[in-house]
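Here's the letter readout for the chains.
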Amino acid sequence: MSRVQARLDIAAPVEVVFGFFDDLANAAVLVSNLDEVTAVETLPSGGRRVEYTFRDRAGTVHEASSEHVAYDPPRRTVTRNIQSGVVTTMVREFQPVGDATLVTATVEWEIPVRSVAGIISAPLRGPYRRGLRDTLHAAREALTAP
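The structure presented is a predicted model; accordingly, all values stated were derived computationally and were not measured.

Enquirer: Would you mind showing me how to read the overall build of the protein here?
Expert: The secondary structure content of the protein amounts to three helices and seven strands. Starting at the N terminus and ending at the C terminus, the protein contains elements arranged as β-α-α-β-β-β-β-β-β-α. Relative to the compact-globule value of 15 Å for 146 residues, the protein shows a C-alpha radius of gyration of 15 Å, a close match. By its C-alpha atoms, the protein is 45 × 30 × 30 Å across when sized along the principal axes. In the protein, which comprises 146 residues, the share counted as buried stands at 36%. Within the protein, counting contacts between residues at least 6 apart in sequence, those at least 24 apart form 45% of the total. For the protein, the centre of its 16 positive side-chain charges and the centre of its 18 negative side-chain charges are spaced 9 Å apart.

The following block contains the structure:
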């Protein structure tokens, strides 16, 4: 299993920060290459299953989906994502720190064919790490803008 993680303090209460990440109206802020949300289904846990499309660097549109497998507002979400055939698990943890919130985001993935796992996983680390950092910084900017 491979994983990358990023953390960031956001100067807002945990309920506000969790709510921002949980609101699909903010999806384009959190996923810069989001093209369109195509379907949303509310799950019995209170979480959601979302189907969407995104654009790669060349502008090609790809289908993707995400589903909450654990949903514990305002503390934690675990989401299973499928993009371009790669299955990832995203964990977001929200911890109050005084008047701010520490957000810890982790992406994990596993390549089932062991002989090619290293070849495929290594190039994913950088983009996943940048994606986590970009998402956290975009949320902080949106939540703390005057």
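Enquirer: How should I be thinking about unusual backbone geometry in this particular structure?
Expert: Generally, phi is negative for residues other than glycine and the peptide bonds are trans, each holding for most cases. The amide bond that connects Pro-73 to the next residue, Pro-74, takes the cis arrangement and shows omega of -5 degrees. Checked against the element boundaries, Pro-74 lands in the loop between strand E4 (61–72) and strand E5 (76–83).

Enquirer: Which parts of the structure should I look at to understand the environment of Asp-134?
Expert: Note that Asp-134 resides in helix H3 (residues 114–144). In this structure, the C-alpha to C-alpha distance between Asp-134 and Val-29, residues 105 residues apart in sequence, is 9.7 Å.

Enquirer: Could you clarify how one ought to interpret the nonpolar core in this entry?
Expert: Most often, soluble globular proteins have nonpolar side chains that are buried together. Residues Ile-10, Val-17, Phe-21, Phe-94, Val-103, Leu-132 and Leu-136 are the most contacted members of the largest nonpolar core, which totals 23 residues. Going through the elements one at a time, strand E1 (2–10), helix H1 (14–22), strand E6 (86–97), strand E7 (100–109) and H3 are the ones with two or more residues in this core. A total of five residues in this core trace back to one element, the largest contributor, which is H1. Residues in contact with Phe-21, not counting those within four places in the same chain, are Ile-10, Leu-30, Arg-92, Phe-94, Val-103, Thr-135, Leu-136 and Ala-139.

Enquirer: What's the story with the pairing of strand E2 (residues 34–42) in this structure? I'm lost.
Expert: Successive residues of a regular strand alternate their side chains across the two faces of the sheet. As paired elements, E2 and strand E3 (residues 48–55) share seven bridges and run antiparallel to each other. Along E3, the bridge assignment pairs Ala-39 with Glu-51.

Enquirer: Help me understand the packing of aromatic side chains, please; the structure alone is not making it clear to me.
Expert: Counted according to the given criterion, the structure contains five aromatic pairs. A network of ring pairs unites the aromatic residues Phe-18, Phe-20, Phe-21, Tyr-71 and Phe-94 as a single cluster.

Enquirer: I'm lost on the sheet that holds E3 in this one. Help?
Expert: Pairing between the strands of a sheet comes from backbone hydrogen bonds, and it takes one of two forms, parallel or antiparallel. The strand order across the open sheet built from seven strands is E1-E7-E6-E5-E4-E3-E2, with neighbouring strands paired in antiparallel fashion. Unpaired on one side and paired on the other, E1 and E2 mark the two borders of the sheet. On average, each strand axis in the sheet is tilted by 20 degrees relative to the strand beside it, whichever way the strands run.

Enquirer: Before we go on, may I ask you to explain the layout of surface pockets in this structure?
Expert: Gaps left between atoms are located by rolling a probe of water-molecule size over the structure's atoms. Taken as a whole, the largest pocket spans an internal volume of roughly 1400 Å³. Lining the largest pocket are 44 residues; nearest its centre among them are Leu-30, Val-31, Asn-33, Tyr-52 and Gln-83. Secondary structure elements with two or more residues in the lining of the largest pocket: H1, helix H2 (27–30), E2, E3, E4, E5, E6 and H3. Considering each element in turn, the lining of the largest pocket owes the most residues, nine residues, to H3.

Conventions used here
- Residues numbered from 1 in each chain as written.
- Predicted model: local features only at pLDDT ≥ 70, side-chain atom pairs only at ≥ 80, totals over all residues.
- Heavy atoms only, no water.
- Helix = DSSP H or I, 4+ residues; strand = E, 2+ residues; numbered from the N terminus.
- Rg over C-alpha atoms; globule rule 2.2 N^0.38 Å.
- Buried < 20%, exposed > 50% of the residue type's maximum accessible area, 1.4 Å probe, protein only.
- Contact = heavy atoms within 4.5 Å.
- Lys, Arg positive; Asp, Glu negative; His and termini not counted.
- Charge placed at Lys NZ, Arg CZ, Asp CG, Glu CD.
- Core = buried A, V, L, I, M, F, W, Y, C linked by side-chain atoms within 4.5 Å.
- Pairing = 2+ DSSP bridges.
- Phe/Tyr/Trp six-rings, centres within 6.5 Å; stacked < 30°, edge-to-face > 60°.
- Axes fitted to C-alpha atoms, helices over the stretch in contact; angles between N-to-C directions.
- 1 Å grid on protein atoms, 1.4 Å probe; cavity = no way out; pocket = protein on both sides within 12 Å on 5 of 7 lines; lining within 4 Å.
- Points joined across faces, edges and corners; volume = space filled by probe spheres on them.

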